[in-house]
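Notes for the structure review
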Amino acid sequence: MAISTSHLLRQVQEAHEFDRDALFRYASANVAGFPALPPLSLSNSLRGIEAIVLFDKGVAPERRGAIYRETARALAALHSVDVDAIGLGKYGRRYNYCKRQVERWTRQYIASTGEGKSPRNPKMLELSDWLLQHIPSEDSSGVSAGLVHGDFRIDNVVFHPTEDRVIVFLTGNCPLLAYIVDVNLDNQQLEKGFELTGVPEGIPSQAEYLAEYCCASGTLWPANVWKFYVAFAMFRGASIYAGIHSRWIVGNATGGERARNAGNLANGLIDSAWDFIARKSVLPLQPPSDPIAQDNIKRFGGENEVQGLSEVNGRFVPSKKVVELRKKLIKFMEDHIYPMENEFYKLAQSSSRWTVHPGEERLKELAKKEGLWNLWIPFDSAERARKLIFDGRSYAVSNDAHDQLLGAGLSNLEYGYLCEIMGRSVWAPQVFNCGAPDTGNMEVLLRYGNKEQLLEWLVPILEGKIRSGFAMTEPQVASSDATNIECSIRRQGDSYIINGNKWWTSGAMDPRCRLLIVMGKTDFTTAKHKQQSMILVDIQTPGIHIERPLMVFGFDDAPHGHAEISFENVRVPAKNILLGEGRGFEIAQGRLGPGRLHHCMRLIGAAERGMQLMVERALSRRAFGKLISEHGSFRSDIAKCRVELEKTRLLVLEAADQLDRLGNKKARGTIAMAKVAAPNMALMVLDMAMQVHGAAGLSSDTVLSHLWATARTLRIADGPDEVHLGTIAKLELQRAKL
């Protein structure tokens, strides 16, 4: 509901003009720190306190940013006012504000244009139709009803004289119009806004400003409705300018000659609105991370406190290094990954599905330059590779200064905070070279490969030039028991001959896949845990046949894919054996720890994405007379989802911490718990999110069904629940016997 200040004042005290003297006398007497004002009239001028009211161009960038953020918080406070509690509930109407505003300004425009008036632009009427078709669902619910400021901008607020906080409003539709366009009656053309000319130093970006407002007001991130609100602001401005121009034509405009240009400005705003609507993306899908918390750290913490984040009480508090990497990663996801998801999906569903989207390779190069490449590599594995092939350096022989192949020197626990973010999109991990099965295969090479094998195979994967697959599972046996493997790897002179069938070899369909790590048996007669070996196989070797891509609940995950492969007398050099014959089971156990714990970390992120989409839907969708979010059953279910998610996150972090401190063997019990808990929790959350979305949740219009399919797969692909539960039970019984 909207109440202009002037209207409200007339309602409250119709016979009196607004008294600025009284306002400043009140502030002087009642606001702490406000200076005592001299006994002179300020009714006709604000001179004498313009340093408080006006935005000084000489203000330092830090303070300029603080002032803008404070205006966002002040606007949030205004919009959060309970109009009923302050006795204004009967002023205006709560429902359909946006719809009524569009209709009002359409009528205003039509009345101001036409014969003898400002020329009518048909695109304005088309814009009116578009707006009426895209009214946000919250408009009809009345859930967001509150006070609306009619002219909110930096020079319409009064700041405290010594602190960067707003103390008085001098009088929304859109306080961010200057970010998009800049209009002025003195200009001869519509000028570009901040986002095109560059945001002045210190002033937050549009997304940062909005995030500040949303955090302060508790408002949902408006990515899906932002086109409407910005287009409406331009629509309203165009109607106003058309009225000014019409008054100029008949000689009634107060702007004099400056009003001559108002018609051009109106048309410029109309064009800008349509340009804005035509954009594929106008906001990141998620807000920049926790702006208020970061601002408080800067304002109250100081450098020592920021550096000492790891010293804050609490077991799992990330270091400053991890916090900075996490911020960069979130921004990268918002700026590059989420906006490209639809494009990736389109290619994956087309006849060219088994090709790589050129945008993916571009993003990979950008990730390298941002220092977000190979973050998964544990510092101990990186140290071995550094000594073995890079002579102690972190860079490959290419001398590319950006190609830091061995990651950021993180522990498994530190990587957990980052891997979770990547898990929010099925497309993200591979962009950072942190996707399965490559990470597990690289881990095998880092830990068990010799120098020649690392140079031939590891370095190209580290560089992102090739990809890999892991061929273990077989269609004819229960492959969760690795002793059942039947694929044969027979020594013949200086070669090994491979025969057998594999399936669910993830990554083998990718045109960039060059390496397969194949698990088979070199000796069928020795002890059952000494029969298996692993060998490096070039996928282009004669005798390797890709039989078919396999579907996962209807998803073929192109271009990555999951292949069924046959090996017929495939001859591989003997030097390609990993660690020696009979060591395959040992290598497999080493691979099961860090690489598969990554799946758990990513599932936390997938569940968080599901929670976000679920809440957005519940706050905007009505059923049986009220919003879904108002139904008690929904509130109970989402609360349970949050409880399970947080429990699982702590368990995954604990597993990562034990992996770092105790090693894979001693941490295996907690790792097994995480592997059981994470996919089951994610399935619960994503199933709930799909339920809230109704039929849409089952479709490809959202990422939910794909995330759900991936989570369900991991209850098998990451080792069956029953195997992990057996491990947990065995360790529990052993403890009981001690």
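Below is a summary of the structure that appears in this document. Quick caveat, the model's predicted, so the values are computed rather than measured.

This model, assessed by the stated rule, comprises eight aromatic pairs. Where Phe228 meets Tyr229, the ring centres are 5.3 Å apart and the plane angle is 80°; that geometry is what we call edge-to-face. For the pair shown, Phe228 and Tyr229 are each scored as buried. Pairwise contacts between aromatic rings join Phe228, Tyr229, Phe232 and Phe235 into one cluster.

For the structure shown, the criterion picks out 35 salt bridges. Between Glu383 and Lys387 there is a salt bridge, with its nearest N and O atoms 3.9 Å apart. Residue Glu383 and its partner Lys387 are both found in helix α16 (residues 379-388); the two are separated by four residues, about one turn of the helix. For Glu383, a relative accessible area of 32% corresponds to the partly exposed category. With relative accessibility at 62%, the residue Lys387 sits in the exposed group. Taking the shortest distance from any N to any O, the salt bridge between Glu646 and Arg649 comes out at 2.8 Å. Separated by three residues within a single helix, Glu646 and Arg649 lie in helix α23 (residues 632-662), roughly one turn from each other. The buried category is assigned to Arg649, whose relative accessible area is 16%. Each of Glu360, Glu361, Lys364, Asp438, Arg467, Asp510 and Arg512 takes part in one network of salt bridges that share partners.

Judged by nonpolar contacts, the single largest core of 123 residues is most densely connected at Phe432 and Ile498. Excluding anything up to four places from it in sequence, Phe432 contacts Leu329, Phe332, Met333, Ala367, Leu372, Trp373, Asn374 and Met422. Counting 50 residues, the second largest nonpolar core, distinct from the first, contains Ala76, Val83, Ala259 and Val282.

Moving on to the pairing of strand β9 (residues 532-538). In terms of residue burial, β9 counts as a mostly covered element, since seven of its seven residues are buried. Every second residue of β9 is oriented toward a common face, with Gln532, Met534, Leu536 and Asp538 on one face and Ser533, Ile535 and Val537 on the other, all of them buried. Bridge analysis of strand β8 (residues 513-521) against β9 gives seven bridges, and the strand direction is antiparallel. Bridged to Leu516 within β9 is Val537.

Okay, the side chain of His706 next. Along the chain, His706 turns up in helix α26 (residues 704-717). Judged by its relative accessible area of 8%, His706 is buried. Ignoring anything within four residues of it in the chain, the contact list for His706 reads Tyr345, Val426, Phe555 and Asp557.

Criteria and cut-off values
- Residues numbered from 1 in each chain as written.
- Predicted model: local features only at pLDDT ≥ 70, side-chain atom pairs only at ≥ 80, totals over all residues.
- Heavy atoms only, no water.
- Phe/Tyr/Trp six-rings, centres within 6.5 Å; stacked < 30°, edge-to-face > 60°.
- Buried < 20%, exposed > 50% of the residue type's maximum accessible area, 1.4 Å probe, protein only.
- Salt bridge = Lys/Arg side-chain N within 4 Å of Asp/Glu carboxyl O.
- Helix = DSSP H or I, 4+ residues; strand = E, 2+ residues; numbered from the N terminus.
- Core = buried A, V, L, I, M, F, W, Y, C linked by side-chain atoms within 4.5 Å.
- Contact = heavy atoms within 4.5 Å.
- Pairing = 2+ DSSP bridges.

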